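Here's the letter readout for the chains.
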Amino acid sequence: MKRLLSKNLAIPLVAYGVVVVAIIISRTAIGREYALLLSAGFMLWAPFLLDRGAADVLRFDPRGLVRGAIISIAVLFSYLVCLYLLSAYLGKTVKFVEPTALFVLTHLVAIAFPEEFFFRGYLQRTFGGGWDAIIAASVLFAMAHLLVICVFTGGGVCGQNALTFFPSLLMGYLYMRTGTIWSSVFFHFAANIVYLSFRIA
């Protein structure tokens with residue numbers, strides 16, 4: 001924690017505030033569909049503007065991606081097992097809603113990739129890495145979801161958006177452990193698809 005506090009946090013925190021406010025304004029002014037693309041643009045543009053090392057974050061590391069994918073699949077498989085056990089306990093079933101190609105592409109290109117580039121590749125890295133940086137970036141990640149989706153645009157359940165803190169910890173860990181943003185992008189994308197496609201009914 002001391003290491004995190006010793007860093008100059010003003011620039012990344014101001015960048016975070018500007019990005020969140022811009023997303024809120026765009027979602028209320030032009031609607032969710034177009035705002036999603038603008039949001040992605042804000043999160044991709046800010047690191048390049050503020051950080052000389054932003055391009056290095058995008059370097060592809062196949063071994064890191066494979067390690068991240070293995071961890072991601074194990075975690076998501078465990079989640080599905082728990083979901084099925086819970087549904088059986090409640091006397092319900094798990095319903096699978098097949099995602100459309102557009103849905104999948106949107107979650108990869110406009111959500112998982114830009115959010116990971118901004119929150120892990122810029123904020124977490126700027127905060128210095130390590131668990132204090134992972135926790136700080138995850139708090140900001142959950143707060144952004146609460147503010148954008150729940151508080152200002154009323155498009156989601158507050159409790160669910162607050163819980164984004166926990167998968168964010170895993171995404172931060174994957175980035176720290178594998179050294180590549182693509183492992184956390186893989187988990188973020190796969191987790192969104194699994195979470196939104198499998199429901200207890």
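In case you missed it, the structure is sitting above this.
Conventions we followed
Residues numbered from 1 in each chain as written. Predicted model: local features only at pLDDT ≥ 70, side-chain atom pairs only at ≥ 80, totals over all residues. Heavy atoms only, no water. Helix = DSSP H or I, 4+ residues; strand = E, 2+ residues; numbered from the N terminus. Rg over C-alpha atoms; globule rule 2.2 N^0.38 Å. Buried < 20%, exposed > 50% of the residue type's maximum accessible area, 1.4 Å probe, protein only. Areas by Shrake-Rupley, 256 points an atom, 1.4 Å probe, with all protein chains shown as cover. Axes fitted to C-alpha atoms, helices over the stretch in contact; angles between N-to-C directions. Parallel < 35°, antiparallel > 145°, perpendicular 65-115°, else oblique. Left-handed = near helix turned anticlockwise from the far one by under 90°. Contact = heavy atoms within 4.5 Å. Nonpolar A, V, L, I, M, F, W, Y, C, P; charged D, E, K, R; others polar. Core = buried A, V, L, I, M, F, W, Y, C linked by side-chain atoms within 4.5 Å. Phe/Tyr/Trp six-rings, centres within 6.5 Å; stacked < 30°, edge-to-face > 60°. Lys NZ or Arg CZ within 6 Å of the ring centre and 35° of its normal.

Helix and strand counts for the protein chain stand at 10 helices and 2 strands. Compactness check: the protein chain gives a C-alpha radius of gyration of 17 Å against a globular reference of 17 Å for 201 residues, within 12% of the reference. In terms of principal-axis extent, the alpha carbons of the protein chain reach across some 55 × 40 × 30 Å. Within the protein chain, the proportion of its 201 residues that are buried is 44%. Entry remark: accessible area of the protein chain is about 10,900 Å², with carbon and sulfur atoms responsible for 72%.

Let us look at the packing of helix H6 (residues 101-126) against helix H9 (residues 165-178). Packing of H6 against H9 leaves a shortest axis separation of 11 Å and a crossing angle of 65 degrees. As far as their axial angle goes, H9 and H6 are roughly perpendicular. Considering only the axes of H6 and H9, their crossing is right-handed. For the pair formed by H6 and H9, the contact residues are Glu116, Arg120, Gly121, Gln124 and Arg125 on the first element and Ser168, Met171, Gly172, Tyr175 and Met176 on the second. When grouped by side-chain class, the residues that make up the contact of H6 with H9 number 3 nonpolar, 4 polar and 3 charged.

Looking now at the nonpolar core. Within the largest apolar cluster, 31 residues are counted, with the highest numbers of intra-cluster contacts made by Tyr16, Phe118, Phe119, Leu123 and Phe187. Elements supplying a minimum of two residues to this core: helix H2 (10-30), helix H3 (32-50), helix H5 (62-90), H6, helix H7 (130-152), H9 and helix H10 (181-197). Ignoring any residue separated from it by four or fewer positions in sequence, one finds Phe119 in contact with Tyr16, Met43, Gln124, Ala137, Leu140, Phe141 and Ala144. Counting residues in each nonpolar core, the second largest holds 7 residues, with Phe117, Tyr175, Ile181 and Val185 among its members.

Moving on, we get to the packing of H5 against H9. Where H5 meets H9, the closest approach of the two axes is 9 Å, and the angle between their N-to-C directions is 150 degrees. Relative to H9, the element H5 is oriented roughly antiparallel. Judged by the sense of rotation from one axis to the other, the crossing of H5 with H9 is right-handed. Between H5 and H9, the residues in contact are Gly64, Arg67, Gly68, Ile71, Ser72 and Val75 and Leu170, Leu174, Arg177 and Thr178, respectively. A class-by-class count of the residues in the contact of H5 with H9 yields 4 nonpolar, 4 polar and 2 charged.

To continue, consider the packing of aromatic side chains. Using the criterion set out here, one finds 10 aromatic pairs in the structure. Aromatic pair Phe113 and Trp182: ring centres 5.3 Å apart, planes at 5 degrees, arrangement stacked. Of the two residues, Phe113 sits in helix H6 while Trp182 sits in helix H10, which places them 69 residues apart along the sequence. Here Phe113 falls in the buried class, since its relative accessible area comes to 18%. Note on Trp182: relative accessible area 23%, which makes it partly exposed. With a centroid separation of 5.3 Å and an interplanar angle of 90 degrees, the aromatic rings of Phe118 and Phe119 are classed as edge-to-face. Phe119 matches Phe118 in its accessibility class, with the two residues each being buried. These aromatic residues form a ring-pair network of at least three members: Tyr16, Phe118, Phe119, Tyr122 and Phe141. The lysine or arginine in question, Arg120, covers the ring of Phe141, its NZ or CZ lying 4.9 Å from the ring centre. Taking the ring centre of Tyr195 as reference, the NZ or CZ of Arg199 above it sits at 5.7 Å.

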